[in-house]
Structure formats: C-alpha cells, structure tokens
Amino acid sequence: MSLFSPRAATRKKPSISPLRQRVGAEVAARLDANPAVERAAIQGAQVYFHPDFLDAATCDRLIAMIDAHRRPSTLLSDRNDQGFRTSDSCDMDRWSPDVQPIDEGIATLLGIDPLHGETMQGQRYAPGQQFRAHHDYFHESESYWQRMLQEGGQRTWTAMIYLNDVTEGGATWFPQAGIKVAPRRGMMLAWNNMKPDGSPNELTIHEGMPVVEGVKYIVTKWFREERWIK
C-alpha cells in the first residue's frame, strides 16, 4: 500500500496521463452497463459495489488460505509507523485452482487485462487491528517510485472483496469522499484511484477502521497501468 502523508501537499502536482484516463473511462463504462453492479452516489470519485460477487463456500476457502499463510502486514513507504497497519496479510497463489478463477473473474468484471493485476492479497483483521488512512496509488516523490515504474507503473483500479460479515467495526471509510462501507460477505468494492484526467485522486484516501468485535477477512486486487506480469 502507498501511504497518505501530510507532506503530500508539498509535492509537485502529478502529471495527467492519457493512458490512465482511458482505462478509467473504459472500466467505468463497463461497470455502469452491468446490472449486477451499483455505483456509489458520490461526487469526485468512481466507486462501485457488486453484492454477492463470491458465494459463501468460496469465501470460506479463501478465509482458510489466509489463516494458513498469514503474516504481519507490511507498508510500502519511506516512513516507519508501527501502528499504521496492524493486520495480517498473505499473497494468494494466482495459479491455484481455488484462486485463479476469482483472480481472473475480477479482471473480467473490470475489463482489465489480467496481466496488469498484482498478486491478490488476503488480509485478516482481529479486534483492535486497523489500517489507517492511506491511498492505494503510488506517490511519485517516494524512493520506491522508480522501482514501481519497472513493475507496471501507477495503480489504476482497486478491487476489494469482503469474505465475511463483522459483528462490529471494520468498515472501509473514505473520509473525503464521504462514504463508509460495512463488511458484507461476498461483496466487492471497487474504485478508480485516478481522476478523470489520469492523475491521482486524493479523494480515494481510505481507512480500514478498527474491528471492535469479530474478525474481518478481505482479499484485495490492485491493477497497474502497464503489465505487472512481464
């Protein structure tokens, strides 16, 4: 993940990108035309829901994988804040027969070449665990940016699937866009990290709010502007 930082205000303005602009428009048009998908009624950001994208049995299989392979989550940042992201994570084997249909199904829904998708990540949040406010897109002034350019470039769309209901807490909150989404088993939440002109959209800052009761499981898939798999 790429962190939100107050220092962002001092960075140079990111350049617009015709490629990201096209990807954003094409994916949004595809989702708008899908009767199973709902668009959030907010201004300034493209955010979509797909209820029941995964069935209960598939969610349970993914939860078992996360529990079997989880490790402390990490950050992609030049700063070290031990309390910023306190969940556990695991990389899902994209070629596994239990993962590949889901991985490619997300890409098909969005209409993005699967080769542009990063490895799907599973995440587990126990009571009290959280992921504080951050952006999924990469900040061009960070030291990691040149490496990201070699690995597919900027992130465009994010797709997150909730694998279970949570008794209390654990919502995904977009404070600047004004939307808060409670975990719902099998539901996909997808959003464009870019503005219509292809530059990073600050309104997509979001937070995995602390779980109060229960355990929250999700999988997240990020897409790049260029091929992530070479």
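See the structure above.
Residues numbered from 1 in each chain as written. Predicted model: local features only at pLDDT ≥ 70, side-chain atom pairs only at ≥ 80, totals over all residues. Heavy atoms only, no water.

Focus on the overall build of the protein
A tally of helices and strands in the protein yields 4 helices and 15 strands. Against the 2.2 N^0.38 benchmark of 17 Å for 230 residues, the protein shows a C-alpha radius of gyration of 16 Å, consistent with a compact globule. Dimensions of the protein along its principal axes, counting C-alpha atoms only, are 45 × 40 × 35 Å. The buried share of the protein, reckoned over its 230 residues, is 54%. As displayed, the protein has an accessible area near 10,300 Å², and 52% of this comes from carbon and sulfur atoms. A gap of 5 Å separates the mean positions of the 27 positive and 29 negative side-chain charges of the protein. (Helix = DSSP H or I, 4+ residues; strand = E, 2+ residues; numbered from the N terminus. Rg over C-alpha atoms; globule rule 2.2 N^0.38 Å. Buried < 20%, exposed > 50% of the residue type's maximum accessible area, 1.4 Å probe, protein only. Areas by Shrake-Rupley, 256 points an atom, 1.4 Å probe, with all protein chains shown as cover. Lys, Arg positive; Asp, Glu negative; His and termini not counted. Charge placed at Lys NZ, Arg CZ, Asp CG, Glu CD.)

Comments concerning helix H3 (residues 100-110)
Three or more residues of H3 are buried, namely Ile102, Asp103, Ile106, Ala107, Leu109 and Leu110. One face of H3 carries all of its buried residues, which in axial projection span an arc of 160°. Of the surrounding elements, those touching the buried residues of H3 are helix H1 (18-32), strand S3 (47-50), helix H2 (56-69), strand S8 (155-162), strand S12 (188-192) and strand S15 (216-224). One or two positions beyond H3, positive phi appears at Gly111, with a value near 75°. (Arc of directions from axis to C-beta. Contact = heavy atoms within 4.5 Å.)

A look at the packing of aromatic side chains
Throughout the structure, instances matching the rule amount to 3 aromatic pairs. Between Phe138 and Tyr144, the aromatic rings sit 5.8 Å apart at their centres with planes inclined by 65°, giving edge-to-face as the arrangement. With a relative accessible area of 1%, Phe138 lands in the buried category. When the ring of Phe174 is compared with that of Trp191, the centres are 5.1 Å apart and the planes differ by 85°; the resulting orientation is edge-to-face. Remark: Trp191 occurs in strand S12 and Phe174 occurs in strand S10 (residues 172-174); sequence separation between them is 17 residues. As far as burial versus exposure is concerned, Phe174 and Trp191 are alike and both buried. If you follow Arg94 out to its NZ or CZ, it ends over the ring of Trp95, 5.6 Å from the centre. (Phe/Tyr/Trp six-rings, centres within 6.5 Å; stacked < 30°, edge-to-face > 60°. Lys NZ or Arg CZ within 6 Å of the ring centre and 35° of its normal.)

Looking at H1
Helix length check: H1 (15 residues) gives 21 Å between terminal C-alpha atoms against 21 Å at 1.5 Å per residue, within 8%. Listed in full, the buried residues belonging to H1 are Arg20, Val23, Gly24, Val27, Ala28 and Leu31. Burial along H1 is one-sided: seen end-on, the buried residues are contained in an arc of 120°. Packed against the buried residues of H1 are S3, H3, helix H4 (145-150), S8 and S12. (Expected span 1.5 Å × (residues − 1).)

Overview of the environment of Pro114
The residue Pro114 is located in the loop between H3 and strand S6 (121-125) in this model. Along the primary structure Pro114 and Trp228 are separated by 114 residues, whereas in three dimensions their C-alpha atoms are 8.9 Å apart. Apart from residues no more than four positions distant in its own chain, Pro114 is found in contact with Arg94 and Ala107.

Here's the deal with the nonpolar core
Generally speaking, nonpolar side chains in soluble globular proteins are found buried as a group. Ile106, Leu110, Trp157 and Leu163 are the most contacted members of the largest nonpolar core, which has 32 residues in total. Mapped onto this core, the elements with two or more residues apiece are H1, H2, H3, S8, S12 and S15. Once residues lying within four places of it in the same chain are set aside, the contact partners of Ile106 are Phe53, Met120, Ala159, Ile161, Met188, Lys221 and Phe223. (Core = buried A, V, L, I, M, F, W, Y, C linked by side-chain atoms within 4.5 Å.)

Comments concerning the side chain of Arg224
Within the fold, Arg224 resides in strand S15. Look at Arg224 and you get buried, because its relative accessible area is 4%. Within the structure, the side chain of Arg224 is placed 2.8 Å from the backbone oxygen of Glu151, a separation counted as a polar contact. Contact partners of Arg224, with chain neighbours within four places excluded, come to His116, Glu118, Phe138, Met148, Glu151, Gly152, Gly153, Gln154, Arg155 and Thr156. (Polar contact = N/O pair within 3.5 Å; in protein donor to acceptor, adjacent residues only side chain to side chain.)

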